Amino acid sequence: MFQNVVNGISSIAIPLIIFSIVLYGYVKKVKVYESFTTGAKEGFEVAIRIIPYLVAILVAIGAFRASGALDLLTSLLSPVTSFIGMPAEVLPMAMMRPLSGSGALGIVSELINNFGVESLIGRMAAVMEGSTETTFYVLAVYFGSISITKSRHAVPAALLADLAGILSAVIITRVVFG
Amino acid sequence: MINVIFMGLLVIGVVVAGFNCIGLEMTDAGMIMNPSFEPLNQLTTGIFSSAKVAVELAMGLIGIMALWLGLMRIAEDSGLIQLLAKAMRPLMVRLFPDVPPDHPAMGAMIMNIAANILGLGNAATPLGLKAMTELQKLNKVKDTATNAMVTFMAINTSSVTLIPATVIGIRAAAGATNPADIIGPVILATGVSTTVAIIATKLMQKLPRYQITEEGSN
């Protein structure tokens, strides 16, 4: 029942938003076609403008992953994570999540397949996936789009929030499903 | 900070891959060496494919960016955004005290956060970028992030989703009896991380080392 409601919201949301915006605009006598294309032009420019920043950050992260440095970091951190009750298998997920969206998605799928979708490990990885974001991608794209190079406290604050998200995912999953 | 991260990830990557080429292995008979250039080759392949993926990601964004910013413009011209901004005003002026309450940046940020909450990932990015463009108009030192930008960014990176659609999809595909039963824990965990994000940015923005300096200096 709950799941149906959730799926329903997901299915209705975008069509409903488009319907409301266009109809409301038309009723308010906005030239909807001209307005749309003016905005769309801006969208096109932004997508092109972020390419250099995206290449820079994804290449750096790609090098870190492909070299095995991420695995090394994971094995160095494993004593700490077992102390806080995070299964060793979930640690790669926690490390990957802020760096690479597709990488993290791959790890979640793998953990779910290997340990079962109802297992604690499978659930913990799923909660982590749902409750955190690809921090470095967002940082690179958002700041890159407006050519900000001095990010001040953005990185430490975002990483602190990631840490809080991952820790709470571990604890909450254990409490609810453990 | 960005410079250090960029350099660090690349340099560590090359060093680790180089070291892995020695191929040290622990066996029962002691430590053995198994040299090979394979780790460095993998590094190169990884770097090239990342560069390609970056452009593919941006290309994939073009259409969806154009769509959402087009709709956003209609909603702005018709006054819909302003209506929404008015409703959210009490919360937004507390989160972003430096942004004038009627500034278009407020509307764009509200739309972005709403898209995130609904789990509409491909709408959230265009609206977030639009918000950054608007925030940049208020920025006096163009190469340095403002407090509002950092707070907005931290809210975004901490993920504010109520409906984690992707992961529910994966769990459904894997045959979960109730794929959505992780929603409660997700909302709780995400609430914690967003709260930490907001508190952290508000505290850190006062630290001397994060003060805004004149353009050109470091």
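All of these numbers come straight from a predicted model, not from anything done at the bench.

The rules behind the values
- Residues numbered from 1 in each chain as written.
- Chains lettered and ligands numbered in written order.
- Predicted model: local features only at pLDDT ≥ 70, side-chain atom pairs only at ≥ 80, totals over all residues.
- Heavy atoms only, no water.
- pLDDT = per-residue confidence, 0-100.
- Helix = DSSP H or I, 4+ residues; strand = E, 2+ residues; numbered from the N terminus.
- Phe/Tyr/Trp six-rings, centres within 6.5 Å; stacked < 30°, edge-to-face > 60°.
- Lys NZ or Arg CZ within 6 Å of the ring centre and 35° of its normal.
- Core = buried A, V, L, I, M, F, W, Y, C linked by side-chain atoms within 4.5 Å.
- Buried < 20%, exposed > 50% of the residue type's maximum accessible area, 1.4 Å probe, protein only.
- Domains from an automatic or database assignment.
- Contact = heavy atoms within 4.5 Å.
- Buried area = accessible area lost by both parts, 1.4 Å probe.
- Salt bridge = Lys/Arg side-chain N within 4 Å of Asp/Glu carboxyl O.
- Polar contact = N/O pair within 3.5 Å; in protein donor to acceptor, adjacent residues only side chain to side chain.
- Nonpolar A, V, L, I, M, F, W, Y, C, P; charged D, E, K, R; others polar.
- Patch = residues over 30% accessible without salt bridge, like charges linked within 9 Å, V, L, I, M, F, W, Y side chains within 5 Å.
- Areas by Shrake-Rupley, 256 points an atom, 1.4 Å probe, with all protein chains shown as cover.
- Expected span 1.5 Å × (residues − 1).

A.B. asks: Tell me about the confidence of the model for chain B, and please be specific about residues and values.
C.D. replies: On average, chain B scores 89 in pLDDT, and the residues at 70 or more come to 97%. Across chain B, the secondary-structure element scoring lowest on mean pLDDT is strand S1 (residues 24–27) of chain B, at 79, and the one scoring highest is helix H6 (residues 147–157) of chain B, at 95.

A.B. asks: Describe the packing of aromatic side chains, listing the residues and the values that go with them.
C.D. replies: Scanning the entire structure with this criterion turns up 1 aromatic pair over all chains. Seen from their ring centres, Tyr142(A) and Phe152(B) are 6.1 Å apart, and the 25 degrees between their planes marks the pair as stacked. Of this pair, Tyr142(A) sits in helix H8 (residues 135–145) while Phe152(B) is found in helix H6, placing the two residues in two different chains. Just above the ring of Phe177(A) sits the side chain of Arg123(A); from NZ or CZ to the centre is 4.0 Å.

A.B. asks: Got a sec to walk through the nonpolar core? Specific residues and values, please.
C.D. replies: Burial of nonpolar side chains together is a common tendency in soluble globular proteins. Among the nonpolar cores identified, the biggest contains 101 residues, and Met128(A) and Phe96(B) are the most heavily contacted of them. No other element matches the 11 residues that helix H2 (residues 38–77) of chain B contributes to this core. Each of two domains, domain 1 (2–46) and domain 2 (51–177) of chain A, supplies a minimum of three residues to this core. With sequence-adjacent residues up to four places away left out, Phe96(B) is seen in contact with Met106(B), Met109(B), Ala148(B), Thr151(B), Phe152(B) and Ile155(B).

A.B. asks: How would you explain the interface of chain A and chain B if you had to name every residue and give the values?
C.D. replies: Many descriptions give the size of an interface as the accessible area lost when the pieces come together. Tallying the contact residues gives 91 residues for chain A and 105 residues for chain B. Roughly 8,200 Å² of surface becomes buried between chain A and chain B when both sides are summed, with 76% attributable to carbon and sulfur atoms. The interface formed by chain A and chain B contains 4 salt bridges. A salt bridge links Arg73(B) to Glu42(A), with the shortest nitrogen-to-oxygen separation between them at 3.2 Å. Where chain A packs against chain B, one counts 20 residue pairs in polar contact (both at pLDDT 80 or more). Every element with two or more residues in the side of chain A that touches chain B is listed here: helix H1 (2–27), helix H2 (32–49), helix H3 (51–66), helix H4 (69–83), helix H6 (101–115), helix H7 (120–131), H8 and helix H9 (154–177) of chain A. Per-element tally for the side of chain A that touches chain B: the top contributor is H9(A), with 15 residues. Each residue belonging to the side of chain A that touches chain B can be placed in one class, and the counts come to 59 nonpolar, 22 polar and 10 charged.

A.B. asks: Please give an account of a nonpolar patch on the surface that cites residues and values.
C.D. replies: Residues and elements named next belong to chain A. On the surface, a cluster of nonpolar side chains totalling about 780 Å² of accessible area is made up of Phe83, Ile84, Leu160, Leu163, Leu167, Ile171, Val175 and Val176. Top contributing element to the nonpolar patch by residue count: H9, with 6 residues. Turning to its location among the elements, leucine 160 is positioned in helix H9.

A.B. asks: I'd like a description of unusual backbone geometry, backed by residues and values.
C.D. replies: Only a minority of non-glycine residues have a phi that is not negative, and only a minority of peptide bonds are not trans. Residue and element names in this part refer to chain A. Despite not being glycine, serine 147 has its phi angle at roughly 55 degrees, a positive value. With respect to the helices and strands, serine 147 occurs in the loop between H8 and H9. Unusually for a residue other than glycine, arginine 152 sits at a positive phi of about 50 degrees. Relative to the helices and strands, arginine 152 is located in the loop between H8 and H9.

A.B. asks: Kindly report on helix H5 (residues 121–137) of chain B, identifying the contributing residues and their values.
C.D. replies: Here H5(B) is 17 residues long and its end C-alpha atoms lie 25 Å apart, about the 24 Å a rise of 1.5 Å per residue gives. In terms of burial, H5(B) is a largely internal element, 14 of the 17 residues being buried.

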